[in-house]
Amino acid sequence: MSSTAANTGTQKQYFDHLAQGRFLIQRCADCERHVFHPREICPHCGGDALAWVAPGGRATVYSCTTVARKAEAGGDYNVSLLDLDEGVRMMSNVVGMPPDQVRIGMAVQAVIGERDGAPAVLFEEAQR
């Protein structure tokens, strides 16, 4: 979702944090589980005591694909599903390497970068 489409509620809060250079997800005070995408109600227990917390940023590539584009359109890029150590899954891009070298099971680390002119959580291969 682009930051322009997310102009209210928890989605706006998430993108406001990114614009400030902070990657935050939610954690439920009732069941103590992490939540992503931002929500008003915990999808695990139905509680409404969700607080913003900073994840460690480490993740594992669950699934990945390379999207082919012409060079003049920006070239090929990677789209991945990533499992954060906190137990949530998110979709993003693994950057800093050729997109066809991203592999399932690869350890990655979150970085705040830019996508389509807006702040975004991207991932780089984790240093061992």
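Residues numbered from 1 in each chain as written. Predicted model: local features only at pLDDT ≥ 70, side-chain atom pairs only at ≥ 80, totals over all residues. Heavy atoms only, no water.

- Identification of the chain as Zn-ribbon domain-containing OB-fold protein from Achromobacter denitrificans is taken from an unreviewed UniProt entry.

### Looking at the sheet that holds strand β5 (residues 77-84)
Logical step 1: Read across the open sheet, the five strands follow the order β6-β5-β4-β7-β8; overall the sheet is antiparallel. Single-partner strands in this sheet number two, and they are β6 (89-92) and β8 (118-125). Pairwise comparison of adjacent strand axes, ignoring direction, gives a mean angle of 30° for this sheet.
Logical step 2: Across four bridges, the pairing between β5 and β6 is antiparallel. Note that in β6 the partner of Leu81 across the bridge is Met91.
Logical step 3: Of the strands in this sheet, β6, β7 (107-115) and β8 touch helix α1 (residues 9-19), which is tilted by about 70° from β8. (Pairing = 2+ DSSP bridges. Helix = DSSP H or I, 4+ residues; strand = E, 2+ residues; numbered from the N terminus. Axes fitted to C-alpha atoms, helices over the stretch in contact; angles between N-to-C directions. Contact = heavy atoms within 4.5 Å.)

### Some thoughts on α1
Logical step 1: Among all positions of α1, only Thr10, Gln11, Tyr14, Phe15, His17 and Leu18 are buried. In a view along the axis of α1, the buried residues occupy a sector of 155°, so they form one face of it.
Logical step 2: In this fold, the buried residues of α1 make contact with β1 (25-28), β3 (50-53), β6, β7 and β8.
Logical step 3: Positive phi appears at Gly21, one or two residues downstream of α1, with a value of about 85°. (Buried < 20%, exposed > 50% of the residue type's maximum accessible area, 1.4 Å probe, protein only. Arc of directions from axis to C-beta.)

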